[in-house]
Amino acid sequence: MSESFTTPVEGIMPRHIAIIMDGNGRWAEAQGQPRVIGHRAGVKSVREVVRLCREQNVEALTLFAFSSENWSRPAREVQLLMRLFMTVLRREIKLLKKSNVRLRIIGDISGFDDKLQQRIRDAEQTTAECDGLLLNVAANYGGRWDIANAAQKMCQLVQQGELDINDVNEQTMQRFICMADQPEVDLLIRTGGEQRISNFLMWQCAYAELFFSEALWPDFADAEFTEAVDCFARRQRRFGLIGAQVTNPN
Ligand code: IPE
Ligand code: IPE
Ligand code: MG
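What counts, and at which threshold
- Residues numbered from 1 in each chain as written.
- Chains lettered and ligands numbered in written order.
- Predicted model: local features only at pLDDT ≥ 70, side-chain atom pairs only at ≥ 80, totals over all residues.
- Heavy atoms only, no water.
- UniProt positions renumbered as here; feature names shortened; annotations may be inferred.
- 1 Å grid on protein atoms, 1.4 Å probe; cavity = no way out; pocket = protein on both sides within 12 Å on 5 of 7 lines; lining within 4 Å.
- Helix = DSSP H or I, 4+ residues; strand = E, 2+ residues; numbered from the N terminus.
- Contact = heavy atoms within 4.5 Å.
- Polar contact = N/O pair within 3.5 Å; in protein donor to acceptor, adjacent residues only side chain to side chain.
- Buried < 20%, exposed > 50% of the residue type's maximum accessible area, 1.4 Å probe, protein only.
- Near = heavy atom within 4 Å.
- Core = buried A, V, L, I, M, F, W, Y, C linked by side-chain atoms within 4.5 Å.
- Expected span 1.5 Å × (residues − 1).
- Arc of directions from axis to C-beta.
- Areas by Shrake-Rupley, 256 points an atom, 1.4 Å probe, with all protein chains shown as cover.
- Sits in = over half its atoms within 2 Å of the grid points.

Under Sequence similarities (unreviewed entry), UniProt gives the following word-for-word description of the protein chain: "Belongs to the UPP synthase family." Entered under Catalytic activity (unreviewed entry) in the UniProt record, the comment concerning the protein chain runs "8 isopentenyl diphosphate + (2E,6E)-farnesyl diphosphate = di-trans,octa-cis-undecaprenyl diphosphate + 8 diphosphate".

Asker: Which residues make up the UniProt feature "active site" (unreviewed entry) in the protein chain, and what are the values?
Answerer: The sites that carry the UniProt feature "active site" (unreviewed entry) are, in the present numbering, Asp22 and Asn70. These annotated residues cover 49 residues of sequence, and their C-alpha atoms all fall within 12.1 Å of one another, placing them together at a single site. Set against the largest pocket, the annotated residues that line it come down to Asp22 and Asn70. Following the sequence through the fold, aspartate 22 ends up in the loop between strand S1 (16-20) and helix H1 (24-29). Excluding residues within four positions of it along the chain, aspartate 22 makes contact with Arg190, Thr191, Gly192, Glu194, Ala215, Leu216 and Trp217. Side chain to side chain, aspartate 22 and arginine 26 meet in a polar contact 3.3 Å long. Considering the arrangement of structural elements, one finds asparagine 70 in the loop between strand S2 (60-67) and helix H3 (75-98). On the accessibility criterion, asparagine 70 (15% relative accessible area) is buried. Polar contacts involving the side chain of asparagine 70 include one to the main-chain amide nitrogen of serine 67, which spans 2.8 Å.

Asker: I'd like to hear about the site of ligand 1, residue by residue, with values.
Answerer: Around ligand 1, the neighbouring residues are Met21, Asp22, Gly23, Asn24, Gly25, Arg26, Arg35, His39, Ala65, Asn70, Arg73 and Leu81. Take aspartate 22: an N or O atom from its side chain is 2.8 Å from an oxygen atom of ligand 1. Separating an oxygen atom of ligand 1 from a backbone N or O atom of asparagine 24 is a distance of 3.2 Å. Secondary-structure elements contributing two or more residues to the shell around ligand 1 are H1 and helix H2 (35-55). It is H1 that provides the largest number of residues to the shell around ligand 1, a total of three residues.

Asker: Talk me through the nonpolar core; I want residue IDs and the actual numbers.
Answerer: Core analysis: the biggest nonpolar cluster contains 42 residues, and Ile17, Ile19, Leu61, Phe85, Leu103 and Leu135 have the highest contact counts within it. Ranked by the residues each element gives to this core, the list is headed by H3, at eight residues. Residues within four places of isoleucine 19 in sequence aside, it is in contact with Val49, Leu61, Thr62, Leu63, Phe64, Leu188, Ile189, Phe200 and Trp217. Grouped together as the second largest cluster of nonpolar side chains are 14 residues, Phe64, Ile106, Cys178 and Leu188 included.

Asker: Mind laying out helix H4 (residues 114-126), listing which residues take part and the relevant values?
Answerer: The terminal C-alpha atoms of H4 lie 18 Å apart, and with 13 residues this matches the ideal 18 Å at 1.5 Å per residue to within 8%. If you check which residues of H4 are buried, you get Leu116, Gln117, Ile120 and Ala123. Looking down the long axis of H4, one finds its buried residues gathered within 125° of arc, a one-sided arrangement. Projecting away from the buried face of H4 at angles above 90 degrees are the exposed residues Asp114, Lys115 and Gln125. Looking at the buried positions of H4, the neighbouring elements they touch are H3 and strand S3 (102-106).

Asker: Which residues make up the environment of isoleucine 120, and what values go with them?
Answerer: Topologically, isoleucine 120 is positioned in helix H4. The exposure class assigned to isoleucine 120 is buried, which follows from its relative accessible area of 0%. Distance from isoleucine 120 to leucine 103, taken between C-alpha atoms, is 9.4 Å for residues 17 residues apart in sequence. The residues contacting isoleucine 120, other than those within four sequence positions of it, are Phe85, Leu89, Ile105, Ile109 and Phe112.

Asker: Tell me what's going on with the environment of alanine 138, and back it up with residues and numbers.
Answerer: In this structure, alanine 138 sits in strand S4 (residues 134-141). Distance from alanine 138 to alanine 18, taken between C-alpha atoms, is 9.9 Å for residues 120 residues apart in sequence. If we ignore the near neighbours within four places in the chain, the residues touching alanine 138 are Leu63, Phe64, Ala65, Phe66, Ile106 and Phe200.

Asker: Report on the site of ligand 2, specifying residues and quantitative values.
Answerer: Taken together, Ile20, Met21, Asp22, Phe64, Ala65, Phe66, Asn70, Arg73, Arg190, Arg196 and Ser198 are the residues near ligand 2. Within the side chain of arginine 190, one N or O atom sits 3.3 Å away from an oxygen atom of ligand 2. The contact in question runs from an oxygen atom of ligand 2 to an N or O atom on the side chain of arginine 196, over 2.7 Å. A total of 390 Å² of accessible area belongs to ligand 2 in isolation, and the protein chains cover 78% of it. Under a 2 Å grid-point criterion requiring more than half of the atoms, the pocket assigned to ligand 2 is the largest pocket. When residues of the shell around ligand 2 are assigned to their parent elements, the largest contribution, three residues, is made by S2.

Rendered as structure tokens:
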């Protein structure tokens, strides 16, 4: 554990943290730099949160890297983001493996060119045996896509006669949603000051605690992470119950 890290209040750590890494463009623009400089600078924050989550024994970390809506950005920015994605996957994968981090890409990877799809598969394969932190990177991901995709898979089973229509419910749907095999998202952090979900994990965040940070993503580091998990530890999660039931379950 790094010395600068303060132990969270009551030691309650989220098992699964998801982050909307927002603010790269504004970070760069504030310095009169092209937006891509902000995206590059954001990679350092990714390394930092991966390290912090490992140190704190968080089970899963899910990072929003590229949304299904981000394709509509200026073509040059999209192109540079794809290039950065390729480079980072190549450069970081050995370190992830050494750190026992298992990488998974969630999202519709069929939307990427063949080379990038191959690199994604290779990267996932390289860390497939790692059993430490689960790092999910959401790329060409949209919460609505995720739900529609799950519905389609479920319909296929019904069509094949393997699932009765009366068994179509939350539990069966859940099996086809991204990260079904992982703990529910406990804490959703969004950096960059905006307070919205932007089509991120719509299903998985049904009961997540939300934390909005003013920090732009390249500035997000140890202190900001600590603030978020400390805030999480102070929340009372009621899941529909009343406070007294939570504090005194019997
Ligand atoms: C988030 O930062 C990264 C991606 C969406 C790829 P932005 O690029 O959205 O940065 P701002 O919000 O314009 O500052
Ligand atoms: C959300 O950020 C997507 C990612 C962080 C990858 P955006 O910057 O795209 O979200 P909006 O457009 O401000 O809602
Ligand atoms: Mg943004």
